[in-house]
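Chains, contacts and geometry: an overview
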Amino acid sequence: MDLQECLAGLLAYTKTKAENPLITSVEMDSRLAQAGTLFVAIRGFTVDGHHYAREAVEKGAAAVVAEEDVHVDVPTVIVSDSKRALAQIANRFYHSPTHDQNIIGVTGTNGKTTTTHLLNQILQDDKRKTGLIGTLYTQYNDEVFEAKNTTPESLVLQRTFSEMKEKGVTDVTMEVSSHALSLGRVRGTEFNIAVFTNLSIDHLDYHETMDDYKQAKGQLFSQLGNAYDKGLKVAIVNNDDPYARYMMDVTAAPVLTYGLQDGGDVRARDLRARPTGTFFTLVIGDESIELNLKMIGRFSVYNALAAAAAAYVSGVSLSVIKQSLEAAKPVPGRFEPIEEGQDFAVIVDYAHTPDSLDNILQTVRELTERDVYVIVGCGGDRDRTKRPEMARIAATYADEAIFTTDNPRSEDPRLILRDMEAGVEGKPFRTIEDRKKAIRYAVQQAKRKDVIVIAGKGHEPYQEVAGTFHTFDDRVEAKEAIRDRQERER
Ligand SMILES: CC(=O)N[C@H]1[C@@H](OP(=O)(O)OP(=O)(O)OC[C@H]2O[C@@H](n3ccc(=O)[nH]c3=O)[C@H](O)[C@@H]2O)O[C@H](CO)[C@@H](O)[C@@H]1O[C@H](C)C(=O)N[C@@H](C)C(=O)N[C@H](CCC(=O)O)C(=O)O
Ligand SMILES: Nc1ncnc2c1ncn2[C@@H]1O[C@H](COP(=O)(O)OP(=O)(O)OP(=O)(O)O)[C@@H](O)[C@H]1O
Ligand SMILES: N[C@H](CCC[C@H](N)C(=O)O)C(=O)O
Ligand SMILES: [Mg+2]
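What counts, and at which threshold
- Residues numbered from 1 in each chain as written.
- Chains lettered and ligands numbered in written order.
- Predicted model: local features only at pLDDT ≥ 70, side-chain atom pairs only at ≥ 80, totals over all residues.
- Pairing = 2+ DSSP bridges.
- Helix = DSSP H or I, 4+ residues; strand = E, 2+ residues; numbered from the N terminus.
- Contact = placed C-beta atoms within 7 Å.
- Axes fitted to C-alpha atoms, helices over the stretch in contact; angles between N-to-C directions.
- Near = placed C-beta within 6 Å.
- Nonpolar A, V, L, I, M, F, W, Y, C, P; charged D, E, K, R; others polar.
- Buried ≥ 20, exposed ≤ 12 C-beta atoms within 10 Å, placed from the backbone.
- Right-handed = clockwise from strand over helix to strand, strands pointing away.
- Domains from an automatic or database assignment.

1. A word on the sheet that holds strand E3 (residues 37-40)
Judged by pairing direction, the sheet is mixed, and its five strands sit side by side in the order E1-E5-E4-E3-E2 without closing on themselves. The strands lining the two open edges of the sheet, one partner per strand, are strand E1 (14-15) and strand E2 (25-27). As judged from the three bridges shared by strand E4 (residues 63-66) and strand E5 (residues 76-78), these two strands associate in the parallel manner. The residue of E5 that forms the bridge with Val65 is Val77. Seen against the sheet, helix H3 (residues 82-93) touches E2, E3 and E4 and runs at an angle of roughly 155° to E3.

Listed below in structure tokens is the structure:
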């Protein structure tokens, strides 16, 4: 494709040279530039891509897109917003890959990874060729690719859709983070279905107010638009969430609601929670079917309903939805039980927001009368308002709350712990800064049938401390601690 064709979607720009070179790749990172690359300079949070334009040209870039003249020997296309231009160029360069795929975007504070996994599984069980993009990985065609972000930058995203399309993928389920929406990463992605899970406190370091956070999430629904050029477009909204009304108001697409209260289009009737699973009647319009979920907790029912609703509007039958949800395996690091033959329970979970912690601890409390140990920390360089809240919730539900380090990143772990401790009034807690020791302590103390919840890091295989990623996996640590205890008791 030549430069002019790449630029066809842009309404206004100026060019420093008239030449029209052949473009063989589009890159936003100078380190990836090669002969024939169109390099797009982005002003980032850390550095300014404009400073790397010269390096890109030295590596062979045939043209540059930038917000100002970068004084290089190849044509420079000057635009007012290079990030917006990148999304349009990427979409053009990869031939609008999402135009003829079924694209389902899931947004919300909690439950995106779980819901997308359930939905991807249902679509696979319906014999579709599926793609999955999210926090854990990008997955299609039996291949798994590492994910840097929950929702990748527009360029990577369009490239991924295009590769998926080449491999015959028809249905793509993806997590859409609020960062992605606010930073324009999904511009150019043509969604058929947008799903809203819930909204609660998180990322207030980035969004500053809940209103701003809500508006970012809302963009997925306004982006659905009212155009029917791509066939079906549906907004699927959790009716029981206080922000549901907003998501419905900002979309012109038809809305399907779900929830546990009466009145939702998709709902769970006669819910029965058991330690082994959750039983309910799945009702969609005037159809209904009995469901035995292996997952526990009301929050799991919400995720199952969201996945069922999106599968249903994608044309999957209720019987396939039932079979798939009943067989669903736990998502790595989400309420994942650790079994090493011990006589107490250990659960690793990714709850790193007040709402998610509240949900899982409430679930655990409902299931046991025995002692509950909660090990939790809070991430550094992230929303500080979460810290006292998460500590308060842990201390409220736990018989023994143990505060520890999560990913301190550039912050002093002791100061993060002080922020947490400030949220606890009149309830006992213990602080063990070293996460390994915190896990070992709880494993050592637990009596028969007690429950240990290790929250906040789920699937993460590392601890990020002052710019270094140290190998650390809660699941591995828990197993080792249990084995050591068993060894000692033998
Ligand atoms: C705050 C934020 O969102 N940062 C994202 C941003 O990085 P940045 O702005 O710091 O980029 P930068 O390093 O300043 O680089 C600017 C430009 O210069 C270019 N460059 C840089 C160096 C060089 O030698 N040559 C060069 O060309 C870069 O390629 C880039 O185009 O752009 C990068 C590329 O797309 C992202 O990977 C990165 O996400 C970082 C890793 C991150 O932590 N993001 C978090 C906040 C995030 O987005 N999280 C959400 C999930 C949150 C949730 O739901 O819980 C997510 O979707 O992942
Ligand atoms: N529907 C839900 N409502 C509230 N909490 C939930 C829900 N589903 C899962 N959780 C809790 O939130 C945690 C994170 O779940 P999940 O990874 O599915 O969410 P996410 O939205 O993808 O999170 P992230 O934005 O960090 O990627 C789980 O480990 C669990 O504790
Ligand atoms: N996507 C979330 C993950 C948080 C996970 C938690 N372990 C932490 O480090 O705070 C974030 O980047 O805010
Ligand atoms: Mg996720």
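Having put the structure on the table, let's press on.
2. Remarks on the site of ligand 2
By nearness alone, 22 residues border ligand 2, and Gly111, Lys112, Thr113, Thr114 and Ser356 come closest of all. Elements that contribute at least two residues to the shell around ligand 2 include exactly helix H4 (112-125), helix H10 (298-313) and helix H12 (354-367). Considering each element in turn, the shell around ligand 2 owes the most residues, four residues, to H12. Grouping the constituent residues of the shell around ligand 2 by class yields five nonpolar, twelve polar and five charged.

3. Focus on the pairing of E4
Of the two faces of E4, both are covered, the one formed by Ala63 and Val65 as well as the one formed by Val64 and Ala66. As paired strands, E3 and E4 are joined by three bridges and run parallel to one another. If you follow Phe39 over to E4, its bridge partner there is Val64. For the segment spanning E3, helix H2 (residues 53-58) and E4, crossover handedness is right-handed.

4. A word on the domain arrangement of the protein chain
When cut into domains, the protein chain gives domain 1 (3-93), domain 2 (97-327) and domain 3 (336-489). The centre of domain 2, based on its C-alpha atoms, is set 28 Å off from the matching centre of domain 3. Of the residues contributing to the side of domain 2 that touches domain 3, the split by class is seven nonpolar, five polar and two charged.

5. Quick look at the site of ligand 1
What surrounds ligand 1 is a group of 19 residues, the closest being Gly44, Thr46, Gly49, Asn149 and Ser177. Per-class residue counts for the shell around ligand 1 are six nonpolar, nine polar and four charged. Two domains each put at least three residues into the shell around ligand 1: domain 1 (3-93) and domain 2 (97-327).

6. Considering the sheet that holds strand E10 (residues 171-175)
On the basis of which strands lie adjacent, the open sheet formed by eleven strands has the order E9-E8-E7-E10-E6-E11-E12-E13-E14-E15-E16 and mixed pairing. This sheet does not close on itself; its edge strands, each paired only once, are strand E9 (143-145) and strand E16 (287-293). When the angles between neighbouring strand axes are averaged without regard to direction, this sheet yields 15°. Where H10 meets the sheet, it contacts strand E6 (102-107), strand E11 (193-196), strand E12 (234-238), strand E13 (255-259), strand E14 (266-274), strand E15 (277-284) and E16, and its direction lies at approximately 145° from that of E14.

7. Considering the pairing of E6
Across the six residues of E6, six count as buried, placing the element largely inside the fold. The two faces of E6 match: Asn102, Ile104 and Val106 on one face and Ile103, Gly105 and Thr107 on the other face are all buried. Across five bridges, E6 lies against E10 in parallel orientation. Bridged to Val106 within E10 is Glu175.

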